[in-house]
Number of protein chains: 2
Amino acid sequence: MQDSFQFPNTIEVCLTPALFSVKPSGKEVIVVLSDILRATTSICTAFENRAKSIIPVATLDEARQLKKEGYLVASEQDGKKLDFADFGNSAFSFTREAVEGKTLVYCTTNGTRALEIAKPASKIAIGAFINLSALASWLVYQDKSIVVLCSGWKGKFCLEDTLFAGALTEKLLGHPTFETSCDSAFAAMDLWNIAKSDLFGYIKKAEHYQRLKELGLDDVVPYSFRIDLTGVIPVFENNEIVDVSKHRDKIIKEK
Amino acid sequence: MQDSFQFPNTIEVCLTPALFSVKPSGKEVIVVLSDILRATTSICTAFENRAKSIIPVATLDEARQLKKEGYLVASEQDGKKLDFADFGNSAFSFTREAVEGKTLVYCTTNGTRALEIAKPASKIAIGAFINLSALASWLVYQDKSIVVLCSGWKGKFCLEDTLFAGALTEKLLGHPTFETSCDSAFAAMDLWNIAKSDLFGYIKKAEHYQRLKELGLDDVVPYSFRIDLTGVIPVFENNEIVDVSKHRDKIIKEK
C-alpha cells in the first residue's frame, strides 16, 4: 500500500529485459515499457484511433488461436503480414476506420517478453515518443517510483528504446518529487541530449533502423520519433492494455 | 585458425556480463575486460610496477588458500584490507617495491565473474584508461574481432566501464580494419565524447564513484581516469594474467 505522500520517488532505467528486477520494497513501482520500433508506438497509435483494448501475445500460435475466437489480429513475420492476420505490426495499420471500438491482438516477441517480466510491478504503462508528455504528466500524478524498461532487440541493448528512456527520465526529473542515482538513467539522458535535435538523423546508425530498412519497413521510423502526437496512456491491466487517459474519457463522452 | 588477412574485423561492446555471449564463428574473438574502478586499473598498475603475473580469484576462500600456499594476496571487504591479505584492491597498493618480480593473487568479484564468462574467447585482455593506446595498438596488430566486456557492478550497467569501451572503440575505428554496427558501441562512443573533456568531472555522478567516496576509497578515482600512463598489455592465459607487451620484453632485458 502506498503511503499518503512519499517523495522523492526514484527513476531507474533498465537497458534490456535481461537486466530487469523489480526490487521488493515498501514502495510500489510503475514499469514503463519502451519498444519504440515498433510495438509501443503502434499500441499508442491504436488507442489514439480509439481502439477499445489490446491483447499482447508473444507467439503466432496464441495469435492464431485468438483470431479463431473472433479477434482482430496484428501479426507479421520477416516484415510480411501473416495470412491469418488482419494487420501487420506497423503503427500505420491502425487507422481509425480499422480499430475504433475494437479489441485487437498484437503479436510482438520483444514487447511481450518485456511485459511478461514486468508483471510483478504495481502497474505497467506503455511509453513512446508520440505519448511522451502525456505519459510523464500521468506518472507524476501517480506518485510512485518508476522503472523504464527498454525492450531491446532479442535481449540486447538498442539505441531507440534507450533514447526514449532518457527523454522520459529528463522530463520526470524536472519535477521535484523525482530523483535518480542510476547510471543507466544518466547514460540514457546523455544520449537523448545528443540525439534530440535530430532524432531521426541520429537513429539512422541504429541496428534496428537498418533491419527495418532492409525489410522495406522503415516508412514508420520518422513517425515513431515524433513527439507528443497523442494524449493516450496505455496501461496493462488484467492481461489486456487499455487507455487510462482523460483523453479516453473525452472520447467515451463524445460517442 | 585465423586466415592470412581478414577484414574488416568487428567491434562490439557488451554493457554488462549478463548480456555477454561469444558467438561461435570462424573468426576468433578477443575479449577486452573493462573494470575501471578498480580491478583492471589495479592490474595494469601492478604490471607497470613489474609484477610477474596475477592470479585472479572470485572468492575470499580461494584468496585465503593461495595465501597459505605462499602467494602475495590483494583482498578487501567493504573497503578494508582483510587480515590475511598483503594488500587492498587499490591500484596504489601495487608499488614497485611491493610487487616487482612477484606473482600476486587479486580477489575481485565483478572482474573475476567477467573473466569467467569470457573464457570461450580466443584471448582475454585487460583494458583501462591507463593503458588505452598501448592496448589499442596491440589489438590492431592481432587482426581479430573485438568484444569489449564491461564488468559493471553486480551485473548492472555502469558508466565508467562504458566510457572506457567507448574510448577504445573510437580508437579502433580510426583504423581501416575495424568496423561496428553495434548499438552499444555507438552509445559508448557518444558517452565517451560527452565525458572526455572532463572525465573525472563526468564520473562524479556515477554510482560507483559515490560508493567509493562513502567508503573513503575515492583517492584512486582521478588516477583511474588518466590516459596512457603505461604500455602494459595484461592478457589472461592459463589461469593467470601476464603482460605480453614489448614493454615487458624491455623490462626483462633490463634485469
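Quick note: structure is the one above.
Residues numbered from 1 in each chain as written. Chains lettered and ligands numbered in written order. Predicted model: local features only at pLDDT ≥ 70, side-chain atom pairs only at ≥ 80, totals over all residues. Heavy atoms only, no water.

Novice: What exactly am I supposed to notice about the overall build of chain A here?
Specialist: Each helix and strand counted, chain A has eleven helices and twelve strands in total. Relative to the compact-globule value of 18 Å for 255 residues, chain A shows a C-alpha radius of gyration of 17 Å, a close match. Seen through its C-alpha atoms, chain A measures out along the principal axes to roughly 50 × 40 × 35 Å. Looking at chain A residue by residue over its 255 residues, the buried ones come to 58%. Residue pairs in contact within chain A that sit at least 24 positions apart in sequence constitute 74% of those at least 6 positions apart. (Helix = DSSP H or I, 4+ residues; strand = E, 2+ residues; numbered from the N terminus. Rg over C-alpha atoms; globule rule 2.2 N^0.38 Å. Buried < 20%, exposed > 50% of the residue type's maximum accessible area, 1.4 Å probe, protein only. Contact = heavy atoms within 4.5 Å.)

Novice: Looking at this model, I keep getting lost on the side chain of Ser184(B). Mind explaining?
Specialist: Tracing the chain through its elements places Ser184(B) in helix H7 (residues 183-195). Note on Ser184(B): relative accessible area 6%, which makes it buried. Discounting chain neighbours no more than four positions away, the residues touching Ser184(B) are Phe157(A), Val13(B) and Leu15(B).

Novice: What's the story with the interface of chain B and chain A in this structure? I'm lost.
Specialist: You'll often see interface size given as the accessible area lost when the parts meet. Contact with chain B, which involves 24 residues of that partner, is made by 24 residues of chain A. Counting each side, the surface lost to burial between chain B and chain A is near 1,900 Å², with a carbon and sulfur contribution of 63%. At the surface where chain B touches chain A, the tally comes to two salt bridges. The closest approach of N and O atoms between Lys205(B) and Asp190(A), which form a salt bridge, is 2.9 Å. Ranked by residue count, the leading element in the side of chain B that touches chain A is H7(B), at seven residues. Here the side of chain B that touches chain A is built from residues that sort into 13 nonpolar, four polar and seven charged. (Buried area = accessible area lost by both parts, 1.4 Å probe. Salt bridge = Lys/Arg side-chain N within 4 Å of Asp/Glu carboxyl O. Nonpolar A, V, L, I, M, F, W, Y, C, P; charged D, E, K, R; others polar.)

Novice: Would you explain helix H7 (residues 183-195) of chain A in this entry?
Specialist: Since one α-helical turn is 3.6 residues long, residues separated by three or four positions face the same way. All names here are of chain A. Taking 1.5 Å per residue as the helical rise, H7 with its 13 residues ought to reach 18 Å, and the 18 Å between its terminal C-alpha atoms agrees with that figure. Of all 13 residues making up H7, eleven are buried, and the element is well covered by its neighbours. When H7 is considered as a whole, its buried residues turn out to be Asp183, Ser184, Ala185, Phe186, Ala187, Ala188, Met189, Asp190, Leu191, Trp192 and Ala195. (Expected span 1.5 Å × (residues − 1).)

Novice: Is there a simple way to explain the pairing of strand E2 (residues 29-34) of chain A in this structure?
Specialist: Within a regular strand, side chains alternate between the sheet's two faces. Residue and element names in this part refer to chain A. Of all six residues making up E2, six are buried, and the element is well covered by its neighbours. Inspection of the sheet shows E2 paired to strand E8 (residues 123-127) by five bridges, in the parallel sense. Bridging across to E8, valine 32 finds its partner in alanine 125. (Pairing = 2+ DSSP bridges.)

Novice: In this structure, what is going on with the packing of aromatic side chains? I would like to understand it.
Specialist: Aromatic ring pairs are described here by two measures, namely the spacing of the ring centres and the angle between the planes. All names here are of chain A. Tallied over the full model, the rule gives 14 aromatic pairs over all chains. On the numbers, 5.3 Å between centres and 50° between planes, the contact of phenylalanine 87 with phenylalanine 94 is tilted. On the basis of relative accessible area, phenylalanine 94 is assigned to the buried category, the value being 2%. Relative to tyrosine 106, the ring of phenylalanine 94 has its centre 6.0 Å away and its plane inclined at 45°; by these criteria the two rings are tilted. Of this pair, phenylalanine 94 sits in the loop between strand E6 (80-81) and helix H3 (96-99) while tyrosine 106 sits in strand E7 (residues 103-107), and the two are twelve residues apart along the sequence. Pairwise contacts between aromatic rings join Phe129, Phe164, Trp192 and Phe225 into one cluster. Taking the ring centre of tryptophan 153 as reference, the NZ or CZ of arginine 211 above it sits at 3.8 Å. (Phe/Tyr/Trp six-rings, centres within 6.5 Å; stacked < 30°, edge-to-face > 60°. Lys NZ or Arg CZ within 6 Å of the ring centre and 35° of its normal.)

Novice: What's the story with the pattern of salt bridges in this structure? I'm lost.
Specialist: Side chains that carry opposite charge are capable of pairing whenever their charged atoms lie near each other. All names here are of chain A. Tallied over the full model, the rule gives 16 salt bridges over all chains. Among the ionic pairs, arginine 64 bridges to aspartate 61, the shortest N-O distance being 3.4 Å. Note that arginine 64 and aspartate 61 are positioned in helix H2 (residues 60-68) at a spacing of three residues, about one turn of the helix. Under the relative-accessibility criterion, arginine 64 is labelled partly exposed at 37%. For aspartate 86, the salt bridge goes to lysine 67, with nearest N and O atoms at 2.9 Å.

Novice: Help me understand the relation of the copies chain B and chain A, please; the structure alone is not making it clear to me.
Specialist: Note that the two copies of the chain are related through a rotation about an axis and a translation along the same axis. Relative to chain A, chain B is turned by 180° and slid 0.0 Å along the rotation axis, the superposed coordinates differing by an RMSD of 0.0 Å. Between the two chains, the operation in question is that of a two-fold axis. In this assembly, 100% of the residues forming the interface of chain B have copies in chain A that are likewise at the interface, indicating an isologous arrangement. (Least-squares fit on C-alpha atoms with pLDDT ≥ 70 in both.)

Novice: When you look at the state of the cysteines in this model, what are you seeing that I'm missing?
Specialist: Note on terminology: a disulfide is the covalent bond linking the sulfur atoms of two cysteines. Residues and elements named next belong to chain A. This model, assessed by the stated rule, comprises zero disulfides over all chains. Among the cysteines around cysteine 150, which has no disulfide bond, cysteine 158 carries the closest sulfur, lying 6.9 Å off. The exposure class assigned to cysteine 150 is buried, which follows from its relative accessible area of 0%. On the accessibility criterion, cysteine 158 (3% relative accessible area) is buried. (Disulfide = S-S within 2.5 Å.)

Novice: Would you mind going over the environment of His247(B) with me for this structure?
Specialist: All names here are of chain B. With respect to the helices, strands and loops of the structure, histidine 247 is situated in helix H11 (residues 246-254). You can call histidine 247 partly exposed: its relative accessible area is 25%. Residues histidine 247 and phenylalanine 47, spaced 200 residues apart in sequence, show a C-alpha to C-alpha distance of 9.9 Å. In this structure, histidine 247 is in contact with Glu48, Gly231 and Val232, ignoring residues within four places of it in sequence.

Novice: Explain empty space enclosed by the protein here, please?
Specialist: One way to see where empty space is left: roll a probe the size of a water molecule over the atoms. Going through the model one piece at a time under the given rule, you end up with three cavities of 30 Å³ or more. Empty space within the largest cavity amounts to approximately 60 Å³. Leu33(B), Asp35(B), Ala39(B), Thr40(B), Ile43(B), Pro56(B), Thr108(B), Gly111(B), Thr112(B), Leu115(B), Ile126(B) and Ile241(B) are the residues that line the largest cavity. Secondary-structure elements contributing two or more residues to the lining of the largest cavity are helix H1 (39-48) and helix H4 (109-117) of chain B. Residues that form the lining of the largest cavity fall into these classes: seven nonpolar, four polar and one charged. Lining the second largest cavity are Leu33(A), Ala39(A), Thr40(A), Ile43(A), Pro56(A), Thr108(A), Gly111(A), Thr112(A), Leu115(A), Ile126(A) and Ile241(A). Of all the secondary-structure elements, those providing two or more residues to the lining of the second largest cavity are helix H1 (39-48) and helix H4 (109-117) of chain A. (1 Å grid on protein atoms, 1.4 Å probe; cavity = no way out; pocket = protein on both sides within 12 Å on 5 of 7 lines; lining within 4 Å. Points joined across faces, edges and corners; volume = space filled by probe spheres on them.)

Novice: Any chance you could explain the nonpolar core here in plain terms?
Specialist: Inside soluble globular proteins, nonpolar side chains tend to come together where they are buried. Counting 162 residues, the largest nonpolar core has Leu168(A) and Leu168(B) as its most contacted members. Ignoring anything within four residues of it in the chain, the contact list for Leu168(A) reads Val32(A), Leu132(A), Leu135(A), Ala136(A), Leu139(A) and Val148(A). (Core = buried A, V, L, I, M, F, W, Y, C linked by side-chain atoms within 4.5 Å.)

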